[in-house]
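The residues making up each chain are set out below.
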Amino acid sequence: MTTFRIKRFNPEKQADPYWEDIEYDIPPGATLLDCLNDIKWTRDGTLSYRMSCRSAICGSCGMKANGHALLACQRQAEHLLKDGRDTITIEPMGNMPVIKDLVVDMGEFWEKVNQVKPYLKEKEKPPEKERRQSPEQFKLIDDASTCIMCGCCYSDCNTLEVDKNFLGPAALAKAQRFVQDSRDEGTGERVRELSEAGGIWDCTHCAECVERCPKPAQPMYRIKEIMSVALEEGVTNNNGARHALSFVKSIKHSGRLNENTLPVESMGYFNIKGLMELVPVGLRMLLKGKIPPIIHKNIDDVEDVRRIFRELGE
Ligand code: SF4
Ligand code: SF4
Ligand code: FES
């Protein structure tokens, strides 16, 4: 027997969520969704969750199992019992308000997808027949186009935990699908908007979305691709781009990070207000003895680093 520890919530009956333990014998080969369906259909019809295709296509059955978001129809229940576990904890996805049991309100998620304008922008009238792409052109957007909008990445994104303004991995993966679409004519405008606060540069590269994504969409890599396009398009007047450029400059020059110039260059030399905001941090570092050496030295084998840059450049 396995314990299914399910987080229940029904605001019409009880203000706070609570955990319910259900003992259940997992049938061989059953997915987590199969088990939940059996529990709902034979034991407790009030258990609420979303599902539709049962084939990892529709994106409806996102939920958290053992603390991480997944598609319930895609995971064998027994695979959640590794390392001698006898309990599977099941919760609603994170970073979204819960409506009932495992059903979350995805309104904000969809608003953010809409914010990135997920449609082709063309200056000219649509052609009479289809808009053609070469296989190479399609390859650039192939991964992002596999997104099924399940919300698993959004659920577990660390930046969203602390910054609700962040567009989030799914919307940014969707944005890449248009930024690099050969048929789209809004690239410059798109990367300028995506470089604003809450956009690409607020991603912390924690890779959680890559771990959680059930498809090749893998948002963090798509975000990095937008960053590259933004830099190529010269959209550098923002903290994130300046930070990346300063980082590269320092490593290329000395082989190590210059932690004295990095914050100043990221903020921008003429951004007086931003620079003033750094002063208290600098003072705290000084008091704690954390100020890096004033004289920034090259590493011994800096020529090797420069050679790597030259080869990458080529
Ligand atoms: S890599 Fe970026 S978008 Fe993905 S989960 Fe981490 S912070 Fe969020
Ligand atoms: S990027 Fe992946 S995890 Fe995020 S919504 Fe799309 S398919 Fe789901
Ligand atoms: S039920 Fe459609 S993705 Fe799981």
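Please refer to the structure placed before this passage.
Each value, and the rule that gives it
- Residues numbered from 1 in each chain as written.
- Chains lettered and ligands numbered in written order.
- Predicted model: local features only at pLDDT ≥ 70, side-chain atom pairs only at ≥ 80, totals over all residues.
- Heavy atoms only, no water.
- Core = buried A, V, L, I, M, F, W, Y, C linked by side-chain atoms within 4.5 Å.
- Buried < 20%, exposed > 50% of the residue type's maximum accessible area, 1.4 Å probe, protein only.
- Helix = DSSP H or I, 4+ residues; strand = E, 2+ residues; numbered from the N terminus.
- Domains from an automatic or database assignment.
- Contact = heavy atoms within 4.5 Å.
- Polar contact = N/O pair within 3.5 Å; in protein donor to acceptor, adjacent residues only side chain to side chain.
- Pairing = 2+ DSSP bridges.
- Axes fitted to C-alpha atoms, helices over the stretch in contact; angles between N-to-C directions.

The next subject is the nonpolar core. As a rule of thumb, nonpolar side chains are buried together in soluble globular proteins. Counting residues in hydrophobic clusters, the biggest one holds 65 residues, and the most contacted among them are Phe-4 and Leu-32. With six residues, helix H9 (residues 219-232) is the single largest residue contributor to this core. Here this core gathers at least three residues from each of two domains, domain 1 (2-104) and domain 2 (107-232). Dropping the residues within four chain positions of it, Phe-4 is found in contact with Glu-20, Asp-21, Ile-22, Tyr-24, Ile-26, Leu-32, Cys-35, Ile-39, Ile-88 and Ile-90.

In this fold, Ser-155 is placed in helix H4 (residues 152-156). A residue is classified by how much of its surface remains accessible, and Ser-155, at 0% relative accessible area, is buried. At a separation of 2.8 Å, a polar atom in the side chain of Ser-155 contacts the main-chain amide nitrogen of Gly-94. At 2.6 Å, the side chain of Ser-155 and the side chain of Asp-156 are in polar contact. Apart from residues lying up to four places away in sequence, Ser-155 is in contact with Lys-64, Ala-69, Met-93, Gly-94, Asn-95 and Met-96.

Attention now goes to the sheet that holds strand E2 (residues 18-24). With mixed pairing, five strands are arranged side by side in an open sheet as E2-E1-E5-E3-E4. Only two strands of the sheet have a single partner each, and these edge strands are E2 and strand E4 (68-71). Direction aside, the axes of adjacent strands within the sheet are offset by 35 degrees on average.

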